[in-house]
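Structure assessment
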Amino acid sequence: MRSLIDILELDVTEIKELIDKANDIIANPVKYSEKCRGKKLATLFFEPSTRTRLSFEAAMYELGGNVLGFSEAQSSSAAKGESIADTAKTTSCYADIIAMRHPKEGAPLVAAMNASIPVINAGDGGHNHPTQTLTDLLTIQREKGRLNNLTVGFCGDLKFGRTVHSLINALSRYENIKFVLVSPEELKLPSYVKETLKKNNLEYVQTTDLDSVMPELDILYMTRVQRERFFNEEDYLRLKDSYILRPERLNTAKADLAIMHPLPRVNEISVEIDSDPRACYFKQVLNGKYIRMALILKLLEVE
Ligand code: NCD
């Protein structure tokens, strides 16, 4: 029995298999519509979510399975003081697989250590978000036709943005990726993630200036400033609008740039960009359902 807590638990061959499977599901959805008949997914969400929770639930329904769970800590026994370990043991009695989101880094790992069913990390604090990364990799593969030879810009809150941490770790294993890290000084990539880049001798630049790097990017991965992880509101207010992508900013960008964002968007991409053919963030939303279908099949060992 296997869980997914950190994207690096999947090797590149397995990631390729998941991407291939997701593409097959997109092409032949009917073939998969009964694969999880009789199985149950529990979504244990201790933190807000729209896409991640709904895409997990839609994924399980489209596989013919069922879903149970909660979408806020206050409606679970966590509000009475129950531990993550006990919640995981309890859920193991009722479901076949768990997707858990929690504000505390490491909570899904604790759940996995105590559950008797697979646990998927659906986001733990400012740490990791492996299924968003699978979504992003499927999107990059579909949009660019490859996962190597790319210059990838990450822009916004690189400190607290867990989707950034997981995607950087994942991309560090492909050939000839150049990382361009754009953030305010206060929101730079944490040193523990930068270590991955250094350790693997990967090429990266750090800057505060998005416009100066725009022409070289193949992918621009925009992120929201993570308000809920700030220690004080003043810092958030000062930093929240550090980067706003407006159409004129794309004048120097490549014609085949892929603009990505895990969403939710607050202010960092103006809505006029949504109709630009380079905008991929709503395609990411849809891809998220298919790759989660592929992941559920893999972890439940369904043929
Ligand atoms: C992200 C998350 O929860 O980390 N959202 C998502 O899952 N698509 C990004 C964010 O909240 O900014």
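Details of the structure are given in the entry above.
Residues numbered from 1 in each chain as written. Predicted model: local features only at pLDDT ≥ 70, side-chain atom pairs only at ≥ 80, totals over all residues. Heavy atoms only, no water.

Remarks on unusual backbone geometry
Omega for the peptide link from Leu263 to Pro264 comes to 5 degrees, which places this bond in the cis form. Relative to the assigned elements, Pro264 resides in the loop between β9 (258-260) and α10 (281-299). Of note, Asn201 is a non-glycine position whose phi angle comes to about 55 degrees, a positive value. Mapped onto the elements of the fold, Asn201 is located in the loop between α7 (191-199) and β7 (203-207). Positive phi, normally seen in glycine, also occurs at Glu301, with a value near 55 degrees. Along the chain, Glu301 falls in the segment after α10. (Helix = DSSP H or I, 4+ residues; strand = E, 2+ residues; numbered from the N terminus.)

Observations concerning the packing of helix α1 (residues 12-27) against α10
Viewed as axis vectors pointing N to C, α1 and α10 meet at an angle of 120 degrees, and their least axial separation amounts to 8 Å. In terms of crossing hand, the pair formed by α1 and α10 is right-handed. Here Glu14, Leu18, Ile19, Lys21, Ala22, Ile25 and Ile26 of α1 lie close against α10, whose contacting residues are Asn287, Tyr290, Ile291, Met293, Ala294, Leu295, Leu297 and Lys298. Partitioned by chemical class, the residues of the contact of α1 with α10 number 11 nonpolar, 1 polar and 3 charged. (Axes fitted to C-alpha atoms, helices over the stretch in contact; angles between N-to-C directions. Left-handed = near helix turned anticlockwise from the far one by under 90°. Contact = heavy atoms within 4.5 Å. Nonpolar A, V, L, I, M, F, W, Y, C, P; charged D, E, K, R; others polar.)

Structural notes on the packing of aromatic side chains
Each aromatic ring pair is described using two quantities: the centre-to-centre distance and the angle formed by the ring planes. Within this structure, the stated rule accounts for 6 aromatic pairs. When the ring of Phe154 is compared with that of Phe179, the centres are 6.5 Å apart and the planes differ by 15 degrees; the resulting orientation is stacked. Of this pair, Phe154 sits in strand β5 (residues 150-155) while Phe179 is found in strand β6 (residues 177-182), placing the two residues 25 residues apart along the sequence. As far as the burial class goes, Phe154 and Phe179 line up, both buried. Seen in terms of ring centroids, Phe230 and Tyr236 are 5.8 Å apart; in terms of plane orientation they differ by 75 degrees. Their pairing is edge-to-face. (Phe/Tyr/Trp six-rings, centres within 6.5 Å; stacked < 30°, edge-to-face > 60°. Buried < 20%, exposed > 50% of the residue type's maximum accessible area, 1.4 Å probe, protein only.)

Describing the sheet that holds β6
Pairing within the open sheet is parallel, and its 5 strands lie in the order β7-β6-β5-β8-β9. The open sheet has two free edges, formed respectively by β7 and β9, since each of these has just one partner strand. In this sheet, adjacent strand axes meet at a mean angle of 15 degrees when their direction is disregarded. Here 4 bridges tie β5 to strand β8 (residues 219-222), and the two strands are oriented parallel to one another. Within β8, the residue paired with Val152 across the bridge is Ile219. Each of β5, β6 and β8 touches helix α6 (residues 162-171); the most contacted strand, β5, lies at about 165 degrees to it. (Pairing = 2+ DSSP bridges.)

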